[in-house]
Amino acid sequence: MNRRFKLDVHTHTVASGHAYSTVDENVRYASEQGFELVGISDHAPKMPGGTHNFYFLNLRIIPESLHGIRVLKGAELNIMDQSGRLDLKKGLIKRLDYAVASLHVPCIAPMDKDESTQTVINVINNPLVNIIGHPCDPRYPLDIPTVVKAARDNNTLLEINNSSLDPKGSRAGGDKEILELIKECKRQGLPIILGSDAHFYTKVGCFDNIIPLLEEAAMPDELIINTSVKAFLDFISIKNKLLRTAETD
Ligand SMILES: [Zn+2]
Ligand SMILES: [Zn+2]
């Protein structure tokens, strides 16, 4: 395990419907691996077999720290259409510590490059969304420089997803674009966030597939937000503050 990484905020529990560990198992494992912060990001309601709204409403009962590390309560929201509509109500998302939003085939059909790019930009512009989950899925090709610029202008993180680089995974085939995304973030000075997308506890904090790409891109640690809990919390607080001062629901 690579000790320079302190956090992983893309993890799933049994509540997601196709993941197999509990909050306690995930957090305990992250703590044992030397992580300082773990985020729970179960699939929002439109993912088949996923959670009900009440699941997110009640997340506050989970302590803010467990097994000696910080626990954030988030969600992996589904992008439902090209306007960027999400599958949890604004009032509910605002109660979370952070939100990831992703394109998933059960919720939105594959799109061409122009459509995918515009859809992702619409989501980046949404003050409710802190992180775009697994960009560079071959089913949703992106104009990478345009997306990175929009993300930088709107304080949104683009995730480098460990599972996307699994050759047996459902999003396999985007490695070249993921490397291009890392290099473009470096060029534009936007930090990336690594996400394990763990659906079993032994994968929490696992970024093994990503490391060779970071090396190839010579990505500096300052531009990998997982190397600092403070840098991550400061980054998401920019949008979250905006949200909390904005109009209600
Ligand atoms: Zn999943
Ligand atoms: Zn996902």
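Scroll up a little and you will see the structure.
Since this is a predicted model, take the numbers as computed values, not measurements.

Trainee: An account of the overall build of the protein is needed here, citing residue identities and associated values.
Mentor: When its secondary structure is counted, the protein shows 8 helices and 8 strands. Computed over its C-alpha atoms, the radius of gyration of the protein comes to 16 Å, within 12% of the 18 Å expected for a compact globule of 249 residues. The buried share of the protein, reckoned over its 249 residues, is 49%. For the protein, the share of sequence-separated contacts (at least 6 apart) that also reach a separation of at least 24 residues comes to 78%.

Trainee: Explain the packing of helix H5 (residues 144-153) against helix H6 (residues 175-188) to me, using residue names and the numbers behind them.
Mentor: H6 packs onto H5 with a crossing angle of 45° between their chain directions and a minimal axis gap of 10 Å. On the basis of their axis angle, the class for H5 and H6 is oblique. Between H5 and H6 lies a crossing of right-handed hand. Contacts between H5 and H6 involve Ile-144, Pro-145, Val-148, Lys-149 and Arg-152 on the former and, on the latter, Glu-177, Glu-180, Leu-181, Glu-184, Cys-185 and Gln-188.

Trainee: So, the packing of helix H4 (residues 113-124) against H5: which residues are in play, and what are the values?
Mentor: As a packed pair, H4 and H5 sit with axes 9 Å apart at the nearest point and diverge in direction by 10°. Classed by the angle they form, the pair H4 and H5 counts as roughly parallel. On the side of H4, the interface is formed by Thr-117, Val-120, Ile-121 and Ile-124, while H5 contributes Thr-146, Val-147, Ala-150 and Ala-151. Residue composition of the contact of H4 with H5, grouped by class: 6 nonpolar, 2 polar and no charged.

Trainee: Talk me through the nonpolar core; I want residue IDs and the actual numbers.
Mentor: Within the largest apolar cluster, 72 residues are counted, with the highest numbers of intra-cluster contacts made by Ala-99, Ala-101, Ile-182 and Ile-192. With residues up to four places along the chain from it excluded, the contact list for Ala-101 reads Leu-77, Ile-79, Leu-86, Val-123, Val-129, Ile-132 and Gly-133.

Trainee: How would you summarise unusual backbone geometry if you had to cite specific residues and measurements?
Mentor: Phi is positive for Asn-155, close to 50°, though the residue is something other than glycine. In this fold, Asn-155 is placed in the loop between H5 and strand E7 (157-161). Asn-155 sits in the partly exposed class, given 17 other C-beta atoms within 10 Å. The phi dihedral of Ala-218 falls on the positive side, at around 50°, and the residue is not glycine.

Trainee: Residues and numbers for H5, please.
Mentor: The α-helix winds at 3.6 residues per turn, so residues separated by three or four positions along the chain end up facing the same way. All buried positions along H5 are accounted for by Ile-144, Val-147, Val-148, Ala-150 and Ala-151. The buried residues of H5 occupy an angular sector of 160° when the element is viewed end-on, so they sit on one face. Taken together, the buried residues of H5 touch H4, strand E6 (131-132), E7 and H6. Trailing H5 by a residue or two, Asn-155 shows a phi angle of about 50°, which is positive.

Trainee: Give a description of the pairing of strand E4 (residues 69-78) that names residues and reports values.
Mentor: Most of E4 sits out of view: 10 of its 10 residues are buried. Across 4 bridges, the pairing between strand E2 (residues 37-40) and E4 is parallel. Looking at the pairing, Ile-40 lines up with Lys-73 of E4. Relative to E4, strand E3 (residues 65-66) is paired through 2 bridges, and the arrangement is antiparallel. Looking across to E4, one finds that Leu-66 is bridged to Ile-69. A loop of 2 residues connects E3 with E4, the two strands running antiparallel in sequence, and His-67 in this loop sits at a positive phi of about 50°.

Trainee: Give me the environment of Ala-151: which residues, what numbers.
Mentor: Tracing the backbone shows Ala-151 in helix H5. Sequence separation between Ala-151 and Asp-197 is 46 residues; the distance between their C-alpha atoms is 21 Å. Not counting chain neighbours up to four residues away, the residues in contact with Ala-151 comprise Ile-124, Ile-132, Thr-156, Leu-158 and Leu-190.

Cut-offs applied
- Residues numbered from 1 in each chain as written.
- Chains lettered and ligands numbered in written order.
- Predicted model: local features only at pLDDT ≥ 70, side-chain atom pairs only at ≥ 80, totals over all residues.
- Helix = DSSP H or I, 4+ residues; strand = E, 2+ residues; numbered from the N terminus.
- Rg over C-alpha atoms; globule rule 2.2 N^0.38 Å.
- Buried ≥ 20, exposed ≤ 12 C-beta atoms within 10 Å, placed from the backbone.
- Contact = placed C-beta atoms within 7 Å.
- Axes fitted to C-alpha atoms, helices over the stretch in contact; angles between N-to-C directions.
- Parallel < 35°, antiparallel > 145°, perpendicular 65-115°, else oblique.
- Left-handed = near helix turned anticlockwise from the far one by under 90°.
- Nonpolar A, V, L, I, M, F, W, Y, C, P; charged D, E, K, R; others polar.
- Core = buried A, V, L, I, M, F, W, Y, C linked by C-beta atoms within 7 Å.
- Arc of directions from axis to C-beta.
- Pairing = 2+ DSSP bridges.

Nothing here speaks to function; it is geometry throughout.
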